[in-house]
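# Topology and contacts: notes
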Amino acid sequence: MDVQRLRVLRELADRGSVAAVADALSFTPSAISQQLKALAEEVGMPLTEPAGRGLRLTDVGRALAAEAEGVLTALARADAAVERLRTTPRGQVRMAIFPSGARMLLPGVLARLDDVAEVDLQCRDVDMNPAEVTALAADFDVVVTHRDEHAPPHAVERRVVVPLLREPLDVVLPPGHLLARRRKVRLDELAGEAWISVEVGWPVDDVLRPLALHTDTRPRIVQRINDFSVTEELVAAGRGVALLPRYSTDDRGGRRLVRRPLAGVRAARLVEAVLRTSAAERPAVRTVLDALCAEAASLTGA
């Protein structure tokens, strides 16, 4: 079975449209359609069906797409075996990472890769939500993402999920705030505060839900800002309080911001690396994953 046709089928399963596959593989949509038609004739069963103006995979197509990832992973494993015969891993690795994760992890990861000159890590910061991770994993070798620890895990079909760290969320206050003297802060003490949160449905915002359950009051959210560095500036200016991740918040040693753990509530985000199973076989990608895991461990003391 033609490997290129299997790759086209895999890409259609990940990207959802012929136009997106054509763009990703630098082919015309007509050429992609021809590849899919030829593969269907080879299999002897329809792999796609009309869906509005486009195409979608049939049940057979989806099943074959899953098998295609297995074949491509096996080929990647064979390439990796040859690569390991060389003295060092080599090649370009494309990584998407959410902005505060880049602030927390990227400088250390790049420093760890300085001794592996043959690995070229190309990074892009992407303000992603959990629903976008699967599509990003089609465009990048490694996607570093985050989710609330109580949220459902990422869909792992044809994906590898590598846990990196659990990052607690702390209440962040301006230094002169009355609660800044407490070692921990209870939710009921925050009921009347002005909150700076993130967009609804993004990690961190979900943690404010227990506030309503515990206090019978709805959190008074005055701003929704996804850029945590902006949130830090607003809190420091006395514009509200926020929940921010512990290791990636710049509190200037307590001079700029005061961080306090929440009492009685388990609040954290999970930072994970998501990648295709075939990408995980590449030695250069494994080298980057090792650097990510080592840097995460250094932050948590693990």
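As a reminder, the structure under discussion sits directly above these lines.
These remarks concern the structure in this document. The model shown is predicted, which means the values in this text are computed figures rather than measured ones. (Residues numbered from 1 in each chain as written. Predicted model: local features only at pLDDT ≥ 70, side-chain atom pairs only at ≥ 80, totals over all residues. Heavy atoms only, no water.)

## Quick notes on the overall build of the protein
In terms of regular secondary structure, the protein is built from nine helices and 12 strands. With the principal axes as the frame, the protein shows a C-alpha extent of 70 × 50 × 30 Å. Burial statistics for the protein: of 302 residues in total, 47% are counted as buried. In the protein, of all internal contacts separated by at least 6 residues, the share reaching a separation of at least 24 is 75%. About 14,900 Å² of surface is accessible on the protein, with carbon and sulfur atoms providing 50% of the total. Here the protein holds 41 positive side-chain charges and 42 negative ones, and the gap between their average locations is 4 Å. (Helix = DSSP H or I, 4+ residues; strand = E, 2+ residues; numbered from the N terminus. Buried < 20%, exposed > 50% of the residue type's maximum accessible area, 1.4 Å probe, protein only. Contact = heavy atoms within 4.5 Å. Areas by Shrake-Rupley, 256 points an atom, 1.4 Å probe, with all protein chains shown as cover. Lys, Arg positive; Asp, Glu negative; His and termini not counted. Charge placed at Lys NZ, Arg CZ, Asp CG, Glu CD.)

## Thoughts on the layout of surface pockets
Taken as a whole, the second largest pocket encloses approximately 220 Å³ of empty space. Together, 13 residues line the second largest pocket, and P99, S100, N226, D227 and F228 are the ones closest to its centre. Listing elements by their share of the lining of the second largest pocket, those giving two or more residues are α5 (99-112) and α8 (228-236). Element by element, the count of residues in the lining of the second largest pocket is highest for α5, at three residues. Here the residues of the lining of the second largest pocket sort into six nonpolar, four polar and three charged. (1 Å grid on protein atoms, 1.4 Å probe; cavity = no way out; pocket = protein on both sides within 12 Å on 5 of 7 lines; lining within 4 Å. Points joined across faces, edges and corners; volume = space filled by probe spheres on them. Nonpolar A, V, L, I, M, F, W, Y, C, P; charged D, E, K, R; others polar.)

## Here's the deal with the nonpolar core
By size, the foremost hydrophobic cluster in this structure holds 39 residues, and its most contacted members are M95, L105, V142, V144, L164 and L292. Elements with a minimum of two residues in this core: β3 (91-97), α5, β4 (119-125), α6 (133-139), β5 (142-148), β6 (159-173), β12 (268-276) and α9 (283-300). The greatest single-element share of this core, amounting to seven residues, is contributed by α9. Contact partners of L292, with chain neighbours within four places excluded, come to M95, L105, V109, V142, V144 and L164. By size, the runner-up hydrophobic cluster in this structure holds 26 residues, among which are L190, V207, F228 and A267. (Core = buried A, V, L, I, M, F, W, Y, C linked by side-chain atoms within 4.5 Å.)

## Some points on the pairing of β4
Across seven bridges, the pairing between β3 and β4 is parallel. Its bridge partner lying in β4, I97 is registered against D125. On the question of chirality, the crossover connecting β3 to the parallel β4 by way of α5 is right-handed. (Pairing = 2+ DSSP bridges. Right-handed = clockwise from strand over helix to strand, strands pointing away.)

## Description of the pattern of salt bridges
In this structure the tally under the stated criterion is 26 salt bridges. Ionic pairing is found between R56 and E49, a salt bridge with its closest N-O pair at 3.0 Å. For R56, a relative accessible area of 48% gives the class partly exposed. We classify E49 as partly exposed; its relative accessible area is 30%. Residue R259 pairs with D251 through a salt bridge whose shortest N-O separation is 3.0 Å. Residue classification places R259 among the partly exposed positions, given a relative accessible area of 25%. One network of salt bridges, with partners in common, ties together R10, E11, D14, R15, D139, R159 and R276. (Salt bridge = Lys/Arg side-chain N within 4 Å of Asp/Glu carboxyl O.)

## Details of the packing of α5 against α9
Their axes nearest at 9 Å, the elements α5 and α9 cross at an angle of 125 degrees. The angle between the axes of α5 and α9 places the two elements in the oblique class. The way α5 lies across α9 gives a crossing that is right-handed. Contacts between α5 and α9 involve M104, L105, G108, V109 and R112 on the former and, on the latter, A291, L292, A294, E295, A296, S298 and L299. Considered class by class, the residues forming the contact of α5 with α9 number eight nonpolar, two polar and two charged. (Axes fitted to C-alpha atoms, helices over the stretch in contact; angles between N-to-C directions. Parallel < 35°, antiparallel > 145°, perpendicular 65-115°, else oblique. Left-handed = near helix turned anticlockwise from the far one by under 90°.)

## Comments concerning α8
Among the residues of α8, F228, T231, E232 and V235 are the ones counted as buried. For α8, the angular spread of the buried residues around the axis is 105 degrees, confining them to a single face. Buried residues along α8 sit against α5, β6, β8 (194-197), β10 (242-245) and β12. Downstream of α8 by a residue or two, G238 has a phi angle that is positive, lying close to 80 degrees. (Arc of directions from axis to C-beta.)

## Examining the packing of helix α1 (residues 3-15) against helix α3 (residues 29-43)
Running from N to C, α1 and α3 point in directions that differ by 110 degrees, and their axes come no closer than 9 Å. Judged by the angle between their axes, α1 and α3 are roughly perpendicular. As α1 runs across α3, the sense of the crossing is left-handed. Contacts between α1 and α3 pair Q4, R5, V8, L9 and L12 from the former with I32, Q35, L36, A38, L39 and E42 from the latter. Classifying every residue of the contact of α1 with α3 by side-chain character gives seven nonpolar, two polar and two charged.

## Describing the side chain of E167
Note on placement: E167 falls in strand β6. Of the polar contacts made by the side chain of E167, one reaches the backbone nitrogen of R246; its length is 3.5 Å. A distance of 3.0 Å separates the side chain of E167 from the backbone nitrogen of S248, its partner in a polar contact. What E167 contacts, discounting residues up to four positions off in sequence, is M104, P245, R246, Y247, S248, A268, R269 and V271. (Polar contact = N/O pair within 3.5 Å; in protein donor to acceptor, adjacent residues only side chain to side chain.)

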